[in-house]
Amino acid sequence: MNRTMKRYFTLLFISILIISTVTACSGKASDEPDNTVTQEESVEKNEVTFEDISGDIRGNKAPTQEQIDEVNGTLNDTYLGDVFDEVIPSDYSAYPVKGDVVLDVWMPANSNIPDMNNHLVQKQVEKLTGIKVNFITPPVGQEADAFTLMISSGELPDIIIDPGRYPGGLEAGVNDGAYLDLTDLMEKHAPNYSAWRNSDETRRKTTVTDDGRLLGFYGIAPYSEWIWFGTLIKQEALDKTGLPVPTTIDEWYEFLKKSKEVGYKAPLNYGSTYGQIFTGIINGAYGVWDWTFLDENGKVAWGPAQPKAKEYLATMQQWNKEGLLNRDWATADFNQRMASAISDDTAVMMDSPDTMWSYWKVQNDIDFVGALNPVLNKGDKSATTYKNFKRTGTGAAITTQSKNVEAAMAWLDFNFSKKGWELINFGEYGTVHLVDEQGMPYYPENSYIYNDPDGQPVDVTLWKYRWHSWPNIRDEHNANPLISAKGSYSGDIRKDWTENMDTSMAMPPITFTKEEVSREAELGNQLSTLRGEYFAKIIMGELPVDAYDKFLKEAQSMGLDEFLSLHQAALDRYNQR
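Every chain is numbered independently, its residues counted from 1 as its sequence is written. Totals for whole chains, interfaces and linings use all residues, but because this is a predicted model, local features are given only for residues with pLDDT of at least 70 and pairs of side-chain atoms are given and counted only at 80 or more. Remark: hydrogens and water are excluded; side-chain values derive from all non-hydrogen atoms of the structure.

Trainee: Got a minute to help me understand the sheet that holds strand S9 (residues 368-371) in this structure?
Mentor: By way of backbone hydrogen bonds, the strands of a sheet pair with one another, either parallel or antiparallel. Pairing between strands is defined by DSSP: at least two bridges between them are needed. Only DSSP runs of H or I reaching four residues or more are called helices, and only runs of E reaching two or more are called strands; each is numbered from the N terminus. Strand order in the open sheet formed by four strands is S5-S8-S4-S9, with mixed pairing between adjacent strands. The two strands at the open ends of the sheet, each matched to only one other strand, are strand S5 (268-269) and S9. Both S5 and strand S8 (residues 348-351) contribute to a ladder of two bridges, which runs parallel. Among the inter-strand pairings, leucine 268 is bridged to a residue of S8, identified as valine 348. Contacts from helix H13 (residues 334-341) reach strand S4 (230-234), S5 and S8 within the one sheet, and its direction differs from that of S8 by about 150°. Throughout, a residue-residue contact means that at least one pair of heavy atoms, one from each residue, lies within 4.5 Å. Between N-to-C directions, angles span 0 to 180 degrees; the directions come from axes that are lines fitted to C-alpha atoms, helices contributing only their stretch in contact.

Structure below.
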């Protein structure tokens, strides 16, 4: 990158951070950086044919070393079945990429992966694609600062994982000239990604911008993943209280009081590292959703401004006063919450059943059940604003400084092939997974996933032997070992939540224009801070419930109507995609 371009990025990024606008880039379309890349083809296409080895691999529980090498060392995917409604693509014409190709990839840190360059899956991807990757991973806890320094330095790698960290998001990064617009390149150089995203209307709609551009690679699933967060009750608490799983707010109150009487000092572990007190579980019963949602007319509304907000806050203030909640609910981090969860003080957690399967059942032999989100009146339909739109995992963008754009696209495109689906979701064949009679990969009981030679628990091995969140075809229901473990019922709970809660008010993944994005972020941050401060103080009893009236006036004077109009405009555009 020449000095002029470095200076351009540095000044641009600093100006974004300081004034929180993108006005520096709000000129006419003709003034925008030209991110369109046209270059001579550098990745040679190969004609690929395979011998059918399905008879040797499907249902084989003791493969030979030769068979293991055939599966792990070649692109032959003839043993994999078509197990979803849409067929996973199998275009391997770009692999192995010829020449000495090395790509730099920046990705956020994961405490369970000390060095991605030595990850087993990566080594196998490298062998199959012929593309070597140098992962640049900042220290855990310093990802945000490292990203800011990288962008402002003007030195960008070939690929950035989680490119939405850019101020204003992925689209702003493209408009500012940091990321490439891949629209004209995708069909030719990412045939698997293109085929997969176009094989379903929801996948197509959530991976394209309002103006029809393709800016990055998104994680996109074969199905809408089950709801992953909700209310979980220790079975022993139900046994001790003699009460059934509560369904209404009144029943929850009686259950929590009874739980306290039988010895749980702080029965409801309220709040979480995923969203603090705003989890859409208890507040959702009052229609006071965490953030934006679709009202009965399909229009965007703001949860904290709904009519029953004072009723919700009065309930939580009372519960807090009576000691039904953990005292550290506003500040506890993940480790503090898990320590509380396994103690005798807690009867109920608001969390993921996958996580609690590990902490409660596997590590402490504590059985638990899931509860639907509570309702106000018996017989009402339980509801949630969480809905998976088949877009999941982590995205990736190719930067404007990529030395080999076609190779970068080929490396990412592999993740959306059938072989990539198997490898990234299920890890290495033989030691980690086998393949059943229908051609579906699975973890046998003696898999490294469940029997790690280093003694690591499953919530670590799911990162160690596979990639859990990635720009790929993520097969959460079949490949998450916490769900598929023998005896695990976390998937049953998630499926029950998904099938028995109304999600009609869930907002789809909308995007904002470059003119809207900074204003939306400014208003959103102000409203979020205002809501957090008022709601927390009211629940703690530091402010009376009537303080909500002042909160609402401040929210309106702050620009709530403008905030909603921005979201409504974005929703209208999304619906027209």
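That shown, we press on.
Trainee: Would you take a moment to explain the confidence of the model for the protein chain for this structure?
Mentor: Keep in mind that low pLDDT regions are not for reading the predicted coordinates in detail. Scored by pLDDT, the protein chain comes out at a mean of 90, with 92% of its residues at no less than 70. Each residue gets a pLDDT score, which is the predictor's confidence in that residue and runs from 0 to 100. Contacts for the low-pLDDT stretch residues 1-40, under 50 throughout, to residues beyond four places or in other chains number 62 contacts.

Trainee: Could you clarify how one ought to interpret the packing of aromatic side chains in this entry?
Mentor: Aromatic ring pairs are reported here in terms of the distance separating the ring centres and the angle at which the planes meet. Any pair of Phe, Tyr and Trp rings, taking the six-membered ring for Trp, is counted once the centres come within 6.5 Å. Such a pair is stacked with planes under 30 degrees apart, edge-to-face with planes over 60 apart, and tilted for the rest. Taken as a whole and assessed by the stated rule, the structure comprises 33 aromatic pairs. A ring pair is formed by tryptophan 411 and tryptophan 470, whose centres lie 6.3 Å apart and whose planes are at 80°; its orientation type is edge-to-face. With tryptophan 411 in helix H15 (residues 405-413) and tryptophan 470 in the loop between helix H17 (458-464) and helix H18 (476-479), this pair connects stretches of sequence that are 59 residues apart. Counting every residue linked through ring pairs, the aromatic cluster contains Trp291, Trp302, Tyr534, Phe535, Tyr548, Phe551 and Phe563. Cation over ring: arginine 391 sits above tyrosine 218, and NZ or CZ is 4.2 Å from the ring centre. Distance and angle both matter: a charge sits over a ring if NZ of Lys or CZ of Arg is within 6 Å of the ring centre and within 35 degrees of the ring normal.

Trainee: Is there a simple way to think about helix H11 (residues 249-261) in this case?
Mentor: Note: α-helices contain 3.6 residues per turn, so residues at a spacing of three or four share the same orientation. Between its terminal C-alpha atoms H11 stretches 18 Å, which fits the 18 Å expected from 13 residues at 1.5 Å a residue. When a residue's accessible area, from a 1.4 Å probe over protein chains only, is under 20% of the maximum for its type it is buried; when over 50% it is exposed; and in between it is partly exposed. Within H11, burial applies to Ile249, Trp252, Tyr253, Phe255, Leu256 and Ser259. Summarising the axial view, the buried residues of H11 lie within an arc of 165°, below the 170-degree limit, and thus occupy one face. Turned more than 90 degrees away from the buried face of H11, the exposed residues are Asp250 and Glu261. Close packing links the buried residues of H11 with S4, helix H10 (235-241), S5, helix H12 (309-321), S8 and S9. After H11 finishes, the residue glycine 263 shows a positive phi value of roughly 125°. Helix span is expected to be 1.5 Å times the residue number reduced by one. This arc describes the spread of directions from the helix axis toward the C-beta atoms.

Trainee: How should the pairing of S4 be read in this particular structure?
Mentor: Regular strands place side chains that alternate from one sheet face to the opposite one. Counting buried positions over the five residues of S4 gives five, a clear majority of the element. Relative to S8, S4 runs antiparallel, the two sharing four bridges. The residue of S8 that forms the bridge with threonine 231 is methionine 350. Relative to S9, S4 runs antiparallel, the two sharing four bridges. Residue pairing in the sheet places lysine 234 in a bridge with phenylalanine 368 of S9.

Trainee: Would you take a moment to explain the sheet that holds strand S2 (residues 131-136) for this structure?
Mentor: Read from one edge to the other, the open sheet built from four strands follows the order S2-S1-S3-S10, with strand pairing classed as mixed. Each of the sheet's edge strands pairs with one partner strand only, and the pair in question is S2 and strand S10 (396-398). Taken over all neighbouring pairs, the strand axes of this sheet differ in orientation by 25° on average, direction set aside. In this structure, strand S3 (residues 159-161) lies alongside S10, joined through three bridges in antiparallel fashion. Residue pairing for S10: isoleucine 161 is matched across the bridge by alanine 396.

Trainee: Please explain a negative patch on the surface as it appears in this structure.
Mentor: What makes a patch is a set of residues exposed beyond 30% relative accessible area and free of salt bridges, joined within 9 Å when like-charged and within 5 Å when nonpolar (Val, Leu, Ile, Met, Phe, Trp, Tyr). Calculation of accessible area relied on Shrake-Rupley with a 1.4 Å probe; when residues are assessed, cover is drawn exclusively from the protein chains displayed. Note on definitions: salt bridges are taken to be side-chain nitrogens of Lys or Arg within 4 Å of carboxyl oxygens of Asp or Glu. Charged-residue counts in this description rest on Lys and Arg as positive and Asp and Glu as negative, His and the chain ends being excluded. A charge is said to be at NZ when it belongs to Lys, at CZ for Arg, at CG for Asp and at CD for Glu. A cluster of like negative charges, contributed by Glu51, Asp52, Asp56, Glu66 and Asp69, occupies part of the molecular surface. On the secondary structure map, glutamate 51 appears in the loop between helix H1 (3-19) and helix H2 (54-57).

Trainee: Help me understand unusual backbone geometry in this model?
Mentor: With the exception of glycine, the majority of residues adopt a negative phi angle, and the majority of peptide bonds are in the trans configuration. A cis geometry characterises the amide bond from tyrosine 95 onward to proline 96, with omega recorded as -10°. Residue aspartate 162 is not a glycine yet carries a positive backbone phi of 65°. As for its position among the elements, aspartate 162 is in the loop between S3 and helix H6 (170-175). Positive phi, close to 50°, is recorded for aspartate 365, a residue that is not glycine. Residue placement: aspartate 365 occurs in the loop between helix H14 (353-364) and S9.

Trainee: What am I meant to see in helix H22 (residues 547-558) here?
Mentor: Under the 1.5 Å per step criterion, the end-to-end length of H22 is 17 Å for twelve residues, consistent within 8% with the ideal 16 Å. Ala547, Tyr548, Phe551 and Ala555 are the residues of H22 that are buried. Axial view of H22: buried residues confined to an arc of 100°, hence all on one face. More than 90 degrees from the buried face of H22, the exposed residues found are Lys550, Lys553 and Ser557. Looking at the buried residues of H22, the elements they touch are strand S7 (300-302), H12, helix H21 (514-540) and helix H23 (560-575). Backbone geometry just downstream of H22 places glycine 559 in the positive-phi region, at approximately 120°.

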